[in-house]
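Each chain is listed here by its residues.
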Amino acid sequence: MAKHDQLHRFIFAGHSVRGEVVSASETFHQILENHDYPQAVKKLLGELLVATSLLTATLKFDGDITVQIQGDGPVKLAVINGNNQQQMRGVARIDGPVVEGSSLKQMMGNGYMVITITPTKGERYQGVVALDGDTVADCIDNYFRQSEQLPTRLFIRSCDVDGQPAVGGMLLQVLPAADDESHEMFDHLVQLTATIKGEELCTLDVQEILHRLYHEEDVTLYDPQSIEFRCTCSRERCESTLISLPDEDVNQILQEDGKIDIECEFCGSHYIFLESDVKGLKRDINQQLH
């Protein structure tokens with residue numbers, strides 16, 4: 001049975017450890033909808049989607065988070081962008097054959113993961129970690145270890161549900177006020193959580209998941225947050241891009257094609273600009289300047 005995409009937060013009463021459970025299969029399908037990615041790249045984007053959702057939920061402010069991996073392999077870039085409202089979009093850029101069953105290393109080659117946090121108000125933060133892990137979750141675990149943040153572990157799973165790819169995940173994190181006992185408890189909870197299967201995460205109700213994993217613990221579950229695919233492209237943004245291009249480049253495209261067609265790589269939307277549109281834009285800019 002397919003589930004509506006949601007993120008749930010929970011906390012272990014009596015221990016300074018919190019957690020999250022996410023299922024994001026419908027959002028995943030919408031991210032893939034306008035693209036024909038190889039199977040291994042689909043799986044990679046699904047893992048990045050789950051990771052970004054889980055990380056977004058750790059933010060204590062309004063803003064965006066982008067998790068991207070870049071490399072010199074056949075997959076040059078895979079990126080998911082999300083915000084504190086759990087609105088997600090993502091894309092991969094491929095330059096070469098990707099065989100089925102390819103590992104992260106085989107797809108990306110030598111590369112790195114960049115986590116960019118952009119608050120609506122305040123300083124932008126960027127963290128970079130080498131692609132040393134075998135999986136996206138391994139790389140993010142390494143990121144938390146290197147940045148000396150609170151002990152954090154991600155668990156990302158994928159499977160097929162009703163013939164469709166499905167993704168889900170969990171996160172555990174020690175709270176700032178934790179004592180030694182809570183740190184020991186965290187290690188125990190990590191071992192329990194590692195037993196979760198993809199099919200369980202993607203099909204079971206969250207209460208059932210938590211009961212199966214932690215039936216001996218007192219767990220407080222909070223109201224869920226919906227996750228959705230949402231692209232931020234617009235005609236206005238394309239106009240800003242056009243205005244920033246050199247006139248000779250714009251004119252050359254217009255002479256060769258008769259129009260400028262800007263396609264959003266995230267959602268596949270097309271924004272068409274004719275010569276009259278471009279002239280109108282420039283006229284508006286000139287009027288604003290004078």
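About the cut-offs
The residue numbering used here restarts from 1 in each chain and proceeds along that chain's sequence as written. Two thresholds apply to this predicted model, a pLDDT of at least 70 for residue-level local features and 80 or more for giving and counting side-chain atom pairs, whereas whole-chain, interface and lining totals are computed over all residues. Side-chain metrics rest on all non-hydrogen atoms present in the structure, leaving aside hydrogens and water. Under the scheme used here, helices are H or I runs from DSSP no shorter than 4 residues and strands are E runs no shorter than 2 residues, and both carry numbers assigned from the N terminus. Throughout this description, buried means an accessible area under 20% of the type-specific maximum (1.4 Å probe, protein chains only), exposed means over 50%, and partly exposed covers the range between. Here a polar contact means two N or O atoms within 3.5 Å. Within protein one must be a hydrogen donor candidate and the other an acceptor candidate, and residues neighboring in sequence count only if both atoms are side-chain atoms. Contacts between residues were defined by any pair of non-hydrogen atoms, one from each residue, lying within 4.5 Å. Should DSSP find at least two bridges between two strands, the strands are regarded as paired. For helices, the fitted line uses only the C-alpha atoms of the stretch in contact; every axis is such a line through C-alpha atoms, and the angle between N-to-C directions lies from 0 to 180 degrees. Domain ranges listed in this record stem from an automatic or a database domain assignment. Accessible surface is computed with a 1.4 Å probe, and the buried area is the amount of it that two parts give up when combined, taken over both parts together. The salt bridge criterion pairs a side-chain nitrogen of Lys or Arg with a carboxyl oxygen of Asp or Glu, the two atoms within 4 Å.

A. Main features of the side chain of serine 102. Note on placement: serine 102 falls in the loop between strand E5 (87–94) and helix H3 (104–108). The exposure class assigned to serine 102 is buried, which follows from its relative accessible area of 14%. Reaching out from serine 102, the side chain makes a polar contact with the backbone oxygen of valine 99 at a distance of 2.6 Å. When near neighbours in sequence (up to four residues on either side) are disregarded, serine 102 contacts Ala40 and Met107.

B. Just the sheet that holds E5, in detail. Taken in spatial order, the 6 strands make up an open sheet running E7-E6-E3-E4-E5-E12, and their pairing is mixed. Two strands in the sheet have a free side with no partner beyond their single neighbour: strand E7 (125–130) and strand E12 (228–229). The pairing of strand E6 (residues 111–119) with E7 spans 6 bridges and is antiparallel. Residue isoleucine 115 lies in a different strand from E7, and its bridge partner there is glycine 127. Contacting strand E3 (63–71), strand E4 (75–83), E5 and E6, helix H2 (residues 39–56) runs over the sheet at an angle of about 30° to E4. Across the face of the sheet, helix H4 (residues 136–146) comes into contact with E6 and E7 while running at roughly 120° to E7.

C. Spotlight on the pairing of strand E8 (residues 152–161). With 10 bridges connecting them, E8 and strand E9 (residues 164–174) associate as antiparallel partners. Residue pairing for E9: phenylalanine 155 is matched across the bridge by methionine 170. Counting the residues in the hairpin turn of E8 and E9 gives 2 residues, including aspartate 162, whose phi is positive at 55°.

D. Structural detail: the domain arrangement of the protein chain. Partitioning the protein chain into domains gives domain 1 (6–229) and domain 2 (235–289). One C-alpha centre belongs to domain 1, the other to domain 2; they are set 37 Å apart. Counting residues at the interface gives 7 residues for domain 1, matched by 4 residues for domain 2. A per-residue breakdown of the area domain 1 buries against domain 2 is headed by Asn34, Arg89 and Val91, which together make up 53% of the total. One salt bridge in this structure joins glutamate 265 and arginine 93, with 2.6 Å as the shortest N-O distance. At the surface where domain 1 touches domain 2, the tally comes to 3 residue pairs in polar contact (both at pLDDT 80 or more). It is E5 that contributes the most residues to the side of domain 1 that touches domain 2, 4 residues altogether.

E. Highlighting unusual backbone geometry. The phi angle at glutamine 86 is positive, at roughly 60°, despite the residue not being glycine. As for its position among the elements, glutamine 86 is in the loop between E4 and E5. Located in the positive-phi region is aspartate 162, a residue other than glycine, with phi close to 55°. Structurally, aspartate 162 is set in the loop between E8 and E9. With relative accessibility at 68%, the residue aspartate 162 sits in the exposed group.

F. Region of the structure containing the pattern of salt bridges. Enumeration according to the criterion identifies 10 salt bridges in this entry. When the shortest N-O distance is used, the salt bridge between glutamate 228 and arginine 230 registers 3.0 Å. Overall, glutamate 228 belongs to the partly exposed group, its relative accessible area being 32%. It is possible to trace a salt-bridge network through shared partners that takes in Glu200, Glu208 and Arg212.

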